[in-house]
Amino acid sequence: MSDFAGMEDLLQDFLQEAHDLLSDVDNKLVDLERTPDDRRLLNDIFRGFHTIKGGAGFLSATELVTLCHLTENLFDRLRNGEMTLTFDLMDIIMAATKGVRDMFGELGQGVQPHPAAPEVIEGLRTALETGHAPAPAQAAAPAAAPAAVAAPVAAPGAAAASGEPPWQQLLNAVTGNAAAPAEDVITAAEVANQMAPHFPPEGRRATDKPGAAAVTGAAGGRRTEERAATRENTIRVDTARLDQVLNLSGEIGLTKNRLTSLRADILAGKTDADTLHALDQAVSQLDLLVSDLQNSVMKTRMQPIGRLFQKYPRIARDLARQLGKDVELVLSGEETEVDKTMVEDLADPLIHLIRNAVDHGVESPLERQAAGKPAKSVVRLEARQEGDHIVLIVADDGRGMSAERIRAKAVEKRLLTEEEASTLDERQSLNLIFLPGFSTKTQVSDVSGRGVGMDVVKTNIQKLNGSIEIRSEQGKGSVFVISLPLTLAILPVLLVLLGDQPFALPLSMVREILPIERDKMQEVGGKHTLVLRGEILPVVALSHLLGWPQDEPPEFGVLMQTSERSFILSVDSFAGRDDAVIKSLDDFRPRGVAGVTTLSNGQIVLILDMKELLSDLGSHIDSDVRAGIGRALELAV
């Protein structure tokens, strides 16, 4: 049962406001570290903690109130000039904001938050009493205490001293064997405590809630900011946009009444020129109003990407401090609007790219000075709209990437052969960093080295129908350019035909339409190719990808381009271009199908996932793909 029964709406309102306040505080803390005497920042941060404390007090969240109160008092002394902000003091403050955020997570699960970490509370109190932050060793003392207490218990067993579980003591405790010496006697509870690090608890208690994460002081596994966040089911919309939707709905209602009246006249036999002209005007007006309403509804889903950007300066700062680097994250284009769904799905890729820039991209201050660069590195995160696409840029002024070194590392890790590596150009070599398991790090750390991060980036961007490009120059830095559609709800498509059956191809991949002249086709390695402007391109039949029967040789080709390859897709004919409203197949999704849409004549069209179809190229699953496509068409109808 929730600790906030009857107060759920109030709790959600508080959490929504408090999350925004804390994100703003995090950003201002990063700015404050650069300008520690800025009284405006000190006052703003003080007010942020004071506001959170007030809301927490109304909810009787005592532990949150305590933590905010101590931090608020600290900033009160800082803004009054009674204390000086140092790096050690800032670390304590950052730990306090993390504790506040962790408590928000517990409140979101409907339970009262646990007390903050003892070392954080002690650090804040010491700073308030002495006027400066405790020394790092002093702050770490409470964490070391449990190990000192446990040492005497583990001492009798050599295995325990070496980090192994106390197997003999465990056996004695379980079997009741009294053969062990008196001083070695240990209870089952003590054994369980010693075994805990080796065997984490399994199962579920009766008090556990499904989907609720365990709240621990030192959570292991994935890094906190990379864990899957609970998707918000609410959205903030400017009332002006809602007013526009309401006005358009009213206009459509009036036009509908006009059409109803004209319908009655026509049924009554009134088919003169004036009536037909009025009908044509009413239909045209309805078409215009529906298009405007569709655009207005889409805009209600658009959110400024700055809400996503605002959490990254803190992440970059913490990682840079951990690695001993001086890094400034510069944000640009925060007002750029993207679909709400995309904002949530972009969180993980951007975190990985920023961490990659801070960890791999930029050098240490000493290395930069030796290379004639400023000691402070700059990582740039930018967003802008270009036509019907959103472009995101993550750039650094670091050491850049070596295509030759990347190829060698891929061969070393057996991700490709030396022969394959020798055929890659610079762009293809740089793209090797997206392979699962690829990493240039020789040692695995809690920051990098597992070869997972960049694979996650590419996978998530492709799920959003986007692309990512790398530009790098050794000694000057690297740039990652992400291109995404404005929205996922509407997809511009090219309609192609196989026989009489239309299929939809994402227009973002289409570069050119050309006729296929059979006498100009050549075979290279047993595969059909065409030479286009001096470039040899493979010709892939759409019928072959789908396992579809091909009665006549295809007459047309579509030059398509993905991040990995360019090729010509051969088809029978075209049915034009359309803006498809994507509908998913809820119960069944065959390989190579992204969704379905309906044409103006009511015909069902499958939207093809070309990346997935191309991944099957050369494998022997044509019959499975064909069966899946056929069933998808049946279900869609």
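Residues numbered from 1 in each chain as written. Predicted model: local features only at pLDDT ≥ 70, side-chain atom pairs only at ≥ 80, totals over all residues. Heavy atoms only, no water.

S.K.: Describe the overall build of the protein chain, and please don't skip the residues or the numbers.
M.R.: From N to C terminus, the protein chain includes 23 helices and 18 strands. Here the protein chain holds 637 residues, and the buried ones make up 40% of them. Accessible area for the protein chain stands at about 34500 Å²; split by element, carbon and sulfur atoms hold 53% of it. (Helix = DSSP H or I, 4+ residues; strand = E, 2+ residues; numbered from the N terminus. Buried < 20%, exposed > 50% of the residue type's maximum accessible area, 1.4 Å probe, protein only. Areas by Shrake-Rupley, 256 points an atom, 1.4 Å probe, with all protein chains shown as cover.)

S.K.: How would you explain the pairing of strand E7 (residues 477-485) if you had to name every residue and give the values?
M.R.: By the criterion of burial, E7 is predominantly enclosed, with seven of the nine residues buried. When strand E6 (residues 467-473) meets E7, the two strands line up antiparallel, connected through seven bridges. Bridged to glutamate 469 within E7 is valine 481. Counting the residues that bridge the hairpin from E6 to E7 gives three residues, and of these glycine 475 lies at a positive phi of roughly 85 degrees. (Pairing = 2+ DSSP bridges.)

S.K.: Talk me through a negative patch on the surface; I want residue IDs and the actual numbers.
M.R.: Among the surface-exposed residues, Glu8, Asp9, Asp13 and Glu17 lie close enough to one another that they form a single negatively charged patch. As for its placement among the helices and strands, aspartate 9 is situated in helix H1 (residues 8-34). The exposure class assigned to aspartate 9 is exposed, which follows from its relative accessible area of 64%. (Patch = residues over 30% accessible without salt bridge, like charges linked within 9 Å, V, L, I, M, F, W, Y side chains within 5 Å. Salt bridge = Lys/Arg side-chain N within 4 Å of Asp/Glu carboxyl O. Lys, Arg positive; Asp, Glu negative; His and termini not counted. Charge placed at Lys NZ, Arg CZ, Asp CG, Glu CD.)

S.K.: Report on the sheet that holds strand E13 (residues 535-541), specifying residues and quantitative values.
M.R.: Pairing within the open sheet is mixed, and its six strands lie in the order E10-E14-E15-E13-E12-E11. Strand pairing shows two members of the sheet lacking a second neighbour, strand E10 (510-515) and strand E11 (522-524), which therefore form its edges. If you compare each strand with its neighbour and ignore which way they point, the axes differ by 40 degrees on average. Sheet analysis places strand E14 (residues 556-561) next to strand E15 (residues 566-571), joined by six bridges and oriented antiparallel. Residue phenylalanine 556 lies in a different strand from E15, and its bridge partner there is valine 571. (Axes fitted to C-alpha atoms, helices over the stretch in contact; angles between N-to-C directions.)

S.K.: Account for the environment of threonine 417, with residues named and values stated.
M.R.: Locating threonine 417 in the fold gives a position in the loop between helix H17 (403-412) and helix H18 (418-422). Residue threonine 417 is classed as partly exposed on the basis of its relative accessible area, which comes to 39%. Spatially, the C-alpha atom of threonine 417 lies 9.6 Å from that of arginine 407, the residues being 10 residues apart in sequence.

S.K.: Outline the packing of helix H2 (residues 39-58) against helix H3 (residues 62-79), supporting the account with residue identities and numerical values.
M.R.: Relative orientation of the contacting elements H2 and H3 amounts to 160 degrees, with a least axis distance of 9 Å. By the angle between their directions, the pair H2 and H3 is classed as roughly antiparallel. Considering only the axes of H2 and H3, their crossing is left-handed. Taking contact as the criterion, the partners of Arg39, Leu42, Asn43, Ile45, Phe46, Phe49, His50, Ile52, Lys53, Ala56 and Gly57 in H2 are, on H3, Leu64, Val65, Cys68, His69, Thr71, Glu72, Phe75, Asp76, Leu78 and Arg79. (Parallel < 35°, antiparallel > 145°, perpendicular 65-115°, else oblique. Left-handed = near helix turned anticlockwise from the far one by under 90°. Contact = heavy atoms within 4.5 Å.)

S.K.: How would you explain the sheet that holds strand E17 (residues 593-598) if you had to name every residue and give the values?
M.R.: Reading across from one edge, E16-E8-E9-E18-E17 is the order of the five strands in this open sheet, with mixed pairing throughout. Whereas interior strands pair on both sides, the edge strands pair on one side only; in this sheet they are strand E16 (573-581) and E17. Going from strand to strand, the sheet's axes swing by 30 degrees on average, the running direction of each strand aside. Across six bridges, strand E8 (residues 490-498) lies against strand E9 (residues 501-506) in antiparallel orientation. For leucine 495, the partnering residue across the bridge sits in E9 and is alanine 504.

S.K.: Which residues make up the nonpolar core, and what values do they have?
M.R.: Core analysis: the largest hydrophobic core is formed by 47 residues, its most contacted members being Tyr312, Leu346, Leu350, Leu392, Ile433 and Phe480. Those residues in contact with leucine 392 that lie beyond four places of it in its chain are Ile305, Phe309, Leu346, Leu350, Glu382, Ala383, Phe480, Val481, Ile482 and Leu484. Core analysis: the next-biggest nonpolar cluster, separate from the first, contains 45 residues, Phe4, Phe14, Ala61 and Ile93 among them. (Core = buried A, V, L, I, M, F, W, Y, C linked by side-chain atoms within 4.5 Å.)

S.K.: I'd like to hear about the pattern of salt bridges, residue by residue, with values.
M.R.: Applying the stated criterion to the full structure yields 33 salt bridges. The residue aspartate 20 makes a salt bridge to arginine 236 at a minimum N-O spacing of 2.7 Å. With aspartate 20 in helix H1 and arginine 236 in the loop between helix H9 (188-195) and helix H10 (239-267), this pair connects stretches of sequence that are 216 residues apart. Where aspartate 26 meets arginine 101, a salt bridge forms, and the shortest distance between an N and an O atom there is 2.7 Å. Placement of aspartate 26 in helix H1 and of arginine 101 in helix H4 (residues 87-108) is noted, with a sequence separation of 75 residues between them.

S.K.: Talk me through helix H5 (residues 118-130); I want residue IDs and the actual numbers.
M.R.: In a regular helix each residue adds 1.5 Å, so 13 residues correspond to 18 Å; H5 covers 18 Å between its end C-alpha atoms and thus fits that length. Buried within H5 we find Val120, Ile121, Gly123, Leu124, Thr126, Ala127 and Leu128. Buried positions along H5 lie against H3 and H4. Backbone geometry just after H5 places glycine 131 at a positive phi near 90 degrees. (Expected span 1.5 Å × (residues − 1).)

S.K.: Tell me about the packing of aromatic side chains, and name the residues and values.
M.R.: Under the criterion given, the structure shown has four aromatic pairs. For the ring pair phenylalanine 14 and phenylalanine 104, a centre distance of 6.1 Å and an interplane angle of 90 degrees mean the geometry is edge-to-face. Placement of phenylalanine 14 in helix H1 and of phenylalanine 104 in helix H4 is noted, with a sequence separation of 90 residues between them. Of the two residues examined, phenylalanine 14 and phenylalanine 104, each falls in the buried class. Centroid distance phenylalanine 556 to phenylalanine 574: 5.5 Å. Interplanar angle 65 degrees. Geometry classified as edge-to-face. Here phenylalanine 556, found in strand E14, pairs with phenylalanine 574, found in strand E16; they are 18 residues apart in sequence, far enough to count as distant. For phenylalanine 556, a relative accessible area of 29% gives the class partly exposed. (Phe/Tyr/Trp six-rings, centres within 6.5 Å; stacked < 30°, edge-to-face > 60°.)

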